[in-house]
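A closer look at the structure
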Amino acid sequence: MSTRSSAGNLRWLNPDEERAWRAFIRVMVAVRTGTAHDLAELGLSEPDYEVLSTLSERPEHTSTLGDQADKMGWSRSRLSRHATRMEARGLLRREPDPTDGRGCLLVLTEHGLETLANAAPAHLESVRHHFIDRLTPEDLSAIERIARRVANP
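Summary of the structure given here. (Residues numbered from 1 in each chain as written. Predicted model: local features only at pLDDT ≥ 70, side-chain atom pairs only at ≥ 80, totals over all residues. Heavy atoms only, no water.)

**Description of the layout of surface pockets**
We apply this condition: A 1.4 Å probe that fits into a set of points on a 1 Å grid over the protein atoms alone but cannot get out defines a cavity; an open set with protein on both sides within 12 Å along at least five of seven lines defines a pocket, and lining residues are those with an atom within 4 Å of a point. Grid points are joined across faces, edges and corners, and a volume is the space filled by probe spheres set on the points. Every helix listed is a DSSP run of H or I at least four residues long, and every strand listed is a run of E at least two residues long, numbered separately from the N terminus. Residues are grouped as follows: nonpolar covers Ala, Val, Leu, Ile, Met, Phe, Trp, Tyr, Cys and Pro; charged covers Asp, Glu, Lys and Arg; every other residue, Gly included, is treated as polar.
Approximately 910 Å³ is the volume found for the largest pocket. Lining the largest pocket are 22 residues, and of these Phe24, Met28, Val31, Arg32 and Phe131 sit closest to its centre. Of all elements in the fold, only helix H1 (15–40), helix H2 (46–57), helix H3 (65–72), helix H5 (110–130) and helix H6 (137–151) reach the threshold of two or more residues within the lining of the largest pocket. For the lining of the largest pocket, the leading source of residues is H1, giving 7 residues. Looking at the lining of the largest pocket residue by residue, the class counts come to 16 nonpolar, 2 polar and 4 charged.

**A few points about the pairing of strand E5 (residues 100–108)**
Using the following cut-off: Being paired, for any two strands, means DSSP has found at least two bridges between them.
Bridge analysis of strand E3 (residues 62–64) against E5 gives 3 bridges, and the strand direction is antiparallel. Bridging from a neighbouring strand, Thr64 pairs with Leu105 of E5. Here strand E4 (residues 92–97) runs beside E5; their pairing, made up of 6 bridges, is antiparallel. Across the sheet, Glu95 pairs through a bridge with Leu105, a residue of E5. Between E4 and E5, which pair antiparallel in sequence order, lie 2 residues.

**Topic: the packing of aromatic side chains**
What counts, and what does not: Pairing of aromatic side chains requires ring centres within 6.5 Å, counting the rings of Phe and Tyr and the six-membered ring of Trp. Pairs whose planes differ by under 30 degrees are stacked, by over 60 edge-to-face, and all others tilted. In this scheme, the term charge over a ring applies when either NZ of a lysine or CZ of an arginine sits within 6 Å of the ring centre and within 35 degrees of the ring normal.
With the rule as written, the count across this model stands at 1 aromatic pair. The side chain of Arg78 reaches across the aromatic face of Trp74, ending 3.9 Å from its centre.

**Things to note about the sheet that holds E5**
The strands making up a sheet associate through backbone hydrogen bonding, with each pair oriented either parallel or antiparallel. Rules: Axis lines are fitted to C-alpha atoms, over the contacting stretch for helices. Their N-to-C directions set the angle, which ranges from 0 to 180 degrees. A contact between two residues is defined here by any heavy atoms of the two lying within 4.5 Å.
Strand order in this open sheet of 3 strands is E3-E5-E4, and the pairing throughout is antiparallel. Pairing within the sheet leaves two strands with one partner each, and these edge strands are E3 and E4. If you compare each strand with its neighbour and ignore which way they point, the axes differ by 30° on average. Strands E3 and E5 of the sheet are contacted by H3, whose axis makes an angle of about 85° with E3. Lying on the sheet, helix H4 (residues 76–88) is in contact with E4 and E5; it crosses E4 at an angle near 130°.

Read these as layout, nothing more, since geometry by itself doesn't imply function.
Below, the structure is given as structure tokens:
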């Protein structure tokens, strides 16, 4: 069970809260497992797709390693190791960051852009299959409202 400690007092979840929490976790696992499996069939991981899609939306298809790590909720070192693997596959390249002597820029390569363009239709279908098409417009509105509340405490 989930708890919150405050000066030795535990605030246990009531049965409704516990069911809601566990349902939320089950949904996240089911959707992420499904979309991750579908991306893996294309030779990509979820983080690969996140990096590729984010870079494709940036000016000159470039982002600092720090900005990208923050967007993904990762440490710089974790993203750096992942970027090394993506770079070895020709999906991106690193360049020195002219504004930060210790940092680097992640730049989407032409191969990375082509890989994203080839994967995007299948990924979109996967998101629809595992999530969007299973919900009503009202469900989607509720999820968006809840996400805003949770993301902005």
